[in-house]
Amino acid sequence: MEQFLYYLKVSVKSIRRAPLPYVLTVLIMALGLGVFFANATFYYRLNADPLPHKSDKLFFPMMLLVPWECNDNTCKPPPVLSYANVQKLSNTDIPTAKAAMYSSDAYLRLDTKQPPLPVSVRITQRDFFRMFDVPVLHGSIWPDDSARNEIILTKALAEKLFGQSDVVGKTLLLDDKPLTVSGVLDNWQMLPRLYDANSGNHVEPVEQIYLPLETGYDMNYMSNSQSSTFDDTDYRQLSSQGRTGALHQLQYWVQLDTPAQQQAYRDFMQNLASTEKAAGRHPSIINNQLTSMRNIVAYFGGESGDIKAFALVTLLFLLVCLLNASHLSLNRYLSNQYEFSLRRALGASRWQLQQQMFADVLLLTLCCLAGALLIGFGGVQLMNYLWPVNRLFSTWDWQLLLGLLLLALSASYLVTLYPSLRASFGALNQQLKE
Amino acid sequence: MIQLNDLSKVFKTELIETHALRQISLTVNEGEFVALTGPSGSGKSTLLNVLGTLEHFDGGDYLLDGQSVKGLSDKSLSALRNEKIGFIFQGFNLIKDYSLFDNIELPLRYRGFNAAERKRRVEHALEQVGLAARRDYHPSQLSGGQQQRVAIARAIAGQPRILLADEPTGNLDSLMARQVMELLEQINQNGCTILMVTHDPEQARRAGRQVQIIDGHLSDASMYDPLAQNSPVAVA
Amino acid sequence: MSLHLMLKSLKRRKVVTGLLLLQLAMTLALLLNAVMLASQTHASLNEPTGLDMENILQVQLKPTTPELRKYPALSDLLERQLAGVRAVPGVVAVAYSNQGPLLQGGNNGNVFKVGAQERTNLASVPMYFVSADFFRVLGLTVQNGELPVSPTPLDGKVQSPVVLTQQLAEHLFAGENPVGQAVNRGPVAAVVSNFYGQRSAEHVFNNSVQVAPMYGVDWGYSLLLRVEAGSADTVRQQLDQVLRNVDTNIEIFYVRSLAEQHHRLYRTEFGLAVLLTILAGLMLLVTMISSYSNAHFHALKSQQDIGIKRALGASRQAIFVELLAEGWLCTLLGTGAGVFVALLLNKLLATVIVIPAIPLWLPLLAISVLILCVTLATWYPARIATRVSPATATKTL
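Keep in mind it's a predicted model, so treat the numbers as computed, not measured. (Residues numbered from 1 in each chain as written. Chains lettered and ligands numbered in written order. Predicted model: local features only at pLDDT ≥ 70, side-chain atom pairs only at ≥ 80, totals over all residues.)

### Concerning the overall build of chain C
Going by this rule: Per the convention used, a helix needs a DSSP run of H or I reaching at least four residues, while a strand needs a run of E reaching at least two, with both numbered from the N terminus. C-beta atoms are placed from the backbone for every residue, and two residues are taken to be in contact when these atoms lie within 7 Å.
Scanning chain C from terminus to terminus reveals 13 helices and 11 strands. Viewed in the frame of its principal axes, chain C has a C-alpha envelope of about 105 × 50 × 30 Å. A separation threshold of at least 6 residues defines the contact pool for chain C, and within that pool the share at least 24 residues apart is 83%.

In structure tokens, the structure reads:
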């Protein structure tokens, strides 16, 4: 330990002797690491799995059950289903859980004297909460999927409206329709919000209010994300025509725990499509998709090409910075070669000189880490300013920071390795003569 | 050829002033072989550096081939050095990265000769020093004596008027030293003026004339013999 | 100064030189691709939109009570809002629309010529349901036919007349006179000049407009207003209050000029271009630091050689140029390789984003910039190196 402290002292002395090259090396490495880390934060977070224990069990079925005819390979099923489609897809016990849903906007207030508060709504069947591990703080989820004048709030919204979180039983007006609070959700966030990957909405925060699907249709709420009509259905008559016509706005998730279940459901979808076609209802070719949650963003083309492009480029930049730093480091070591060789001439073994190198690496790691954190923080703020849509994905956790530490350590080691090997394994007499 | 009039050189640091050369007057005629002798620290090398325009001087004047070098620009001095002066150093001072050919060719490039002319001169110089077969070798592949011969080839390739040699045999054994001295004598016989700094009295005697420097002062010491008991003290 | 001797000197310092060449290559690669992306974004932001970007404002809003979102209360609200905004000094014209121009996506549907659906069908054509002043607000010129003056309901017995943009009309009715003919949405009343509708449409200038009451405002609606030149700022400051004075039961999502809206459309590309440009600048900085350090260190190590050369007759100027020339040679070698790396990077980036190919002249320009930067960086170390005293440098220890 005492010896290692001595090595650290020697490192510091050698830096003091020629501070400028060292500062430049640290600056360059901190730049490369910091810029890389800033983008890596977004990349890591955007590609994280929010439900690692079940993301391979949750599936998004899509079928080409549409009134128009399409008979070649370019016919993709619509990304959202109609109410009628969902009814047919639900007509089986194969999934462990299943939920149809969509998002909308609404206005909430306690009474008609208050100004309406804009809120985001998820209109969904009850299995949504079970499938996506949504934590319930007070009250309970609806017992079935029938229409009911009940609403579930987040804790934050409850506190905002009532000043407390336990508001089960209280009444409020949603677009002037009185509804009772049946449950309050604990603080939760799903990042990325993979249950709504259509239209790149997976980067948005979770909704504030949850309404039963049937109630949502009864109240004529239209989806605020994606909705298409393929016949004469009047979307203003959602509660009637919307339930029977080709008005597509529903996302549908099923939970299939085992491969056997998954295959069974695929077979079910195939049979359903064949039956529908045989009945003359849907003239297009059969094109069923059953995409797992892990692949849903890629399926919808929602992966941020810009983050990826910047990831490639920041990696390149990191490499360039490491090369530059190695270069500077090499020059520095070659300048100090005389002293190194002198120590060897005085009896220091190669291993002892390598320990000196470890001390150098440690010192370099600490300096670069500090610089990288500073630059990384600045980088994240800049990226938030330029791409505010990704703002939820800019926080650091201990895993990311540990990753940065390991990266800084590896980088410092690489930058120091070759030069110190050159310095400690060179021909002694030549080095002393110089 | 060389005319020094009351030349002096002072080295100044923050604390100390060293008078390396004190009002030296010297005339060297064309074709002479002059040995510069004197004890260590007497100013021999400094005088040689001034003669070679490697150092500026503080007082007096220096005329080279009738032209005063005082007040000349760096560009003019470099050109003068390149055309009229050849150098031979104790440490050879060859460039390690370059082959023998490249080393000898270097001053000719600065002169502005074309490639064909340079090639001719380099090959002639290599022949003169007996190393024509090793033109593509590098200095590290040669012995000390051979390296010094290359340095001599470099010095004479441009056919300078003067050759300045600073302890040319200082790093060589006696056999190699003798070979180098023979080469220098040959060059002198071909008409080149040589000024050589040396500690070796044997070598000093081989030169046509000896000039002694003690404490920055000059004396024509054809009588100077460091081995003798009662040598006269030189007075400037 | 000899190329052959410089190359020899570089070969002796293989590792250091190799590092320098590699980083020069990558710097050039990044520089070129950053410039391509920045120029592409710049071109997008300056593309013709057919609209007076600075003098047209858009207010996106929605009534907050269910009653106000239904007719007849909605039409009454719209009338009052239009009147209120019209009265603001500086406002030339105002109209409502179900959506504004310059969007990524929005309200759209298919359009085809009746009787020729298979041949002429176009999907995702933006549909605008507007008040009569819409065309005046956007500054659209009539190419053919007559603009509808009063609104015709979309779900009435008579189909609401359709106004097509020139681009759309040419697709549907190539060579024919479109006015009076029928598309699936209704009879064609007029053809107007092109304007930028939605980015995700097949062509941004394909737009269909109908003067009609809006079908519904579940997704909000737009008020578009044309202002006198130079009065955009004063008008927009008043809009919030004016609209709330008309009726407080509204949520105003935003007030923007079309220029701002256009910029938002390319926000991600703009962001990437900015980030890449900053990164390219950082890379240049790092290269300059490296060149400086390399030159400084090399000059230090070569003191003896420099002294010898000076003794052999090289002037200070010659030594200075030699040192700079080494930097130039390194830069040319590194950037030569860099052109290939740039092309490779361009291909890789093209798999995740849209980026144009690199034109032939750009690498030359970029190499010149790099040479300039390297020259600047090595200037001082080279100057210092010429001050080596040949007497000291050639002295044997």
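### With respect to the interface of chain B and chain C
The test is simple: Polarity classes work like this: nonpolar for Ala, Val, Leu, Ile, Met, Phe, Trp, Tyr, Cys and Pro, charged for Asp, Glu, Lys and Arg, and polar for all others, with Gly in that last group.
In this complex, chain B contributes 22 residues to the contact, which on the side of chain C involves 20 residues. Of all the secondary structure elements, the ones that give two or more residues to the side of chain B that touches chain C are helix H2 (74-84) and helix H3 (100-111) of chain B. The leading source of residues in the side of chain B that touches chain C is H2 of chain B, at six residues. Grouping the amino acids of the side of chain B that touches chain C by side-chain chemistry returns nine nonpolar, six polar and seven charged.

### Brief notes about the pairing of strand S4 (residues 122-130) of chain C
Both faces of the sheet carry side chains from a regular strand, because those side chains alternate between them. All names here are of chain C. Put simply, the test is: With C-beta atoms placed from the backbone, the exposure class of a residue follows from how many other C-beta atoms lie within 10 Å of its own: 20 or more, buried; 12 or fewer, exposed; in between, partly exposed. By this definition, two strands are paired if DSSP reports at least two bridges between them.
Within S4, seven of the nine residues are buried, which leaves the element mostly enclosed by the surrounding structure. Note that strand S3 (residues 108-111) and S4 share three bridges and pair antiparallel. Paired with Asn108 across the two strands is Pro126, which belongs to S4. Pairing of S4 with strand S9 (residues 208-211) involves four bridges; the strand directions are parallel.

### Details of the sheet that holds strand S5 (residues 67-68) of chain B
All names here are of chain B. Taken in spatial order, the four strands of this open sheet run S2-S1-S4-S5, and their pairing is antiparallel. Each edge of the open sheet is held by one strand with a lone partner, namely strand S2 (17-28) and S5. Where strand S4 (residues 59-64) lies against S5, two bridges are found, and the strand directions are antiparallel. Among the inter-strand pairings, Leu64 is bridged to a residue of S5, identified as Gln67.

### Regarding the domain arrangement of chain C
Stated precisely, the cut-off is as follows: Where each domain begins and ends is defined by an automated method or by a domain database.
Per the domain assignment, the segments of chain C are domain 1 (3-45 + 267-393) and domain 2 (65-248). Taking the mean C-alpha position of each, domain 1 of chain C and domain 2 of chain C sit 55 Å from one another.

### Observations concerning the domain arrangement of chain A
All names here are of chain A. If you check the domain split of chain A, you get domain 1 (2-49 + 304-433) and domain 2 (64-287). Centre-to-centre separation of domain 1 and domain 2, based on C-alpha positions: 50 Å. Between domain 1 and domain 2, the contact holds seven residues from the first and four residues from the second. Across the side of domain 1 that touches domain 2, the residue classes break down as five nonpolar, one polar and one charged.

### Quick notes on the arrangement of the chains
A comparison of contact numbers over the two pairs of chains in contact places chains A and C at the top. One thing to see here is that chain A and chain B don't touch, and their nearest C-alpha atoms sit 12 Å from each other.

### Remarks on unusual backbone geometry
In this structure, the amide linkage connecting Leu191 of chain A to the following residue, Pro192 of chain A, adopts the cis form with an omega of -10°. In this structure, Pro72 of chain C follows Tyr71 of chain C across a cis peptide bond, with omega equal to 0°. Among the structural elements, Pro72 of chain C can be located in the loop between strand S1 (56-63) and helix H3 (73-86). Residues other than glycine seldom take positive phi values, yet Asp133 of chain A does so here, at roughly 55°. Its 12 C-beta neighbours within 10 Å are what place Asp133 of chain A among the exposed residues. Positive phi, close to 60°, is recorded for Asn220 of chain A, a residue that is not glycine. On the secondary structure map, Asn220 of chain A appears in the loop between helix H6 (213-218) and strand S10 (228-229). Judged by local crowding, Asn220 of chain A falls into the partly exposed class, with 19 C-beta atoms found within 10 Å.

### Description of the interface of chain A and chain C
At the interface, 35 residues of chain A touch 35 residues of chain C. Only helix H2 (19-46) and helix H10 (305-335) of chain A provide two or more residues apiece to the side of chain A that touches chain C. The leading source of residues in the side of chain A that touches chain C is H10 of chain A, at 20 residues. When its residues are assigned to classes, the side of chain A that touches chain C shows 23 nonpolar, seven polar and five charged.

### Description of the environment of Pro259 of chain A
The residue Pro259 of chain A is located in helix H8 (residues 259-278) in this model. Taking C-alpha positions, Pro259 of chain A is 31 Å from Glu204 of chain A, a pair spaced 55 residues apart along the chain.

### Comments concerning the sheet that holds strand S10 (residues 217-219) of chain B
Residues and elements named next belong to chain B. Defined as follows: Axis geometry follows a simple rule: fit a line to the C-alpha atoms, using only the stretch in contact for helices, then measure angles between N-to-C directions, giving values from 0 to 180 degrees.
Read across the sheet, six strands follow the order S6-S7-S8-S3-S9-S10 without closing on themselves; strand pairing throughout is mixed. Looking at the sheet topology across the chains shown, the edges are occupied by strand S6 (85-88) and S10. Adjacent strand axes in the sheet meet at a mean angle of 20°, parallel and antiparallel pairs treated alike. With four bridges joining them, strand S3 (residues 33-37) and strand S9 (residues 209-214) adopt parallel strand pairing. Residue pairing in the sheet places Val34 in a bridge with Arg209 of S9. Against the sheet, helix H5 (residues 144-156) engages S6 and strand S7 (162-166), with an angle of about 170° to S6.

### Side note on H2 of chain A
Structurally, the α-helix is built with 3.6 residues per turn, so residues lying three or four positions apart point the same way. For clarity, the cut-off: Multiplying 1.5 Å by the helix residue count minus one yields the expected span of that helix. At any given residue, the bend is defined as the angle formed between two axes, one fitted to the seven residues that end at that position and one fitted to the seven that begin there.
Taking 1.5 Å of rise per residue, the 28 residues of H2 of chain A would be expected to cover 40 Å, and the 40 Å separating its terminal C-alpha atoms lies within 8% of that figure. When the local axis directions of H2 of chain A are compared, the greatest deviation, roughly 25°, occurs at Ala40 of chain A.

### Let's talk about H8 of chain A
Residues and elements named next belong to chain A. The line we're drawing: Think of the arc as the fan of directions from the helix axis to the C-beta atoms.
For H8, built from 20 residues, the straight-helix expectation of 28 Å at 1.5 Å per residue is met to within 8% by its first-to-last C-alpha distance of 29 Å. Buried within H8 we find Tyr265, Met269, Leu272 and Ala273. All buried residues of H8 project into a common sector of 95° when viewed along the axis, lining one side. Along H8, the residues that are exposed and aim more than 90 degrees away from the buried face are Pro259, Ala260, Asp267, Asn271, Ser274, Thr275 and Ala278. Looking one or two residues beyond H8, the residue adopting positive phi is Gly280, at roughly 80°.

### Let's talk about the nonpolar core
We count it as follows: Throughout this description, the term nonpolar core refers to a group of buried Ala, Val, Leu, Ile, Met, Phe, Trp, Tyr and Cys residues whose C-beta atoms join them within 7 Å.
Within the largest apolar cluster, 163 residues are counted, with the highest numbers of intra-cluster contacts made by Leu33, Phe317 and Cys368 of chain A together with Leu28, Leu30 and Leu279 of chain C. Residue contributions to this core peak at 15 residues, all from H2 of chain A. When near neighbours in sequence (up to four residues on either side) are disregarded, Cys368 of chain A contacts Val26, Met29, Ala30, Leu33, Ala408, Ala411 and Ser412 of chain A.

### Concerning the pairing of S2 of chain B
Residues and elements named next belong to chain B. When strand S1 (residues 2-12) meets S2, the two strands line up antiparallel, connected through eight bridges. Counted as the bridge partner of Lys9 is Leu21 from S2. With antiparallel pairing between neighbouring strands as the criterion, S1 and S2 make up a hairpin whose turn holds four residues.

### Section: the packing of H3 of chain B against H5 of chain B
Residue and element names in this part refer to chain B. Basically, it comes down to this: The cut-offs work like this: below 35 degrees is roughly parallel, past 145 is roughly antiparallel, 65 to 115 is roughly perpendicular, and the gaps in between are oblique. Should the near helix be turned counterclockwise from the far one by less than a right angle, the crossing is left-handed, whereas a clockwise turn marks it as right-handed.
As a packed pair, H3 and H5 sit with axes 7 Å apart at the nearest point and diverge in direction by 30°. Comparing their axes, H5 and H3 come out roughly parallel. You can see that H3 and H5 cross each other, and the crossing is right-handed. Seen from H3, the contacting residues are Leu100, Asn103, Ile104, Leu106 and Pro107; seen from H5, they are Val150, Ala153 and Arg154. Here the contact of H3 with H5 is built from residues that sort into six nonpolar, one polar and one charged.

### Observations concerning the confidence of the model for chain A
Put simply, the rule reads: For every residue, the predictor assigns a confidence score, pLDDT, that lies between 0 and 100.
Here chain A averages 90 in pLDDT, and 94% of its residues register 70 or above. Of all secondary-structure elements in chain A, the lowest mean pLDDT belongs to helix H14 (residues 428-433) of chain A, at 54, while strand S9 (residues 209-212) of chain A reaches the highest, 98.

### Some details on the packing of H2 of chain A against helix H9 (residues 267-301) of chain C
Running from N to C, H2 of chain A and H9 of chain C cross one another at 155°; their axes reach a closest spacing of 11 Å. What the angle tells us is that H2 of chain A and H9 of chain C run roughly antiparallel. Like other packed secondary-structure pairs, H2 of chain A and H9 of chain C cross with a definite hand, here left-handed. Every residue of H9 of chain C that contacts H2 of chain A at Pro21, Leu24, Ile28, Leu31 and Val35 of chain A is listed here: Leu279, Leu282, Val286, Ile289 and Ser293 of chain C. Residues that form the contact of H2 of chain A with H9 of chain C fall into these classes: nine nonpolar, one polar and no charged.

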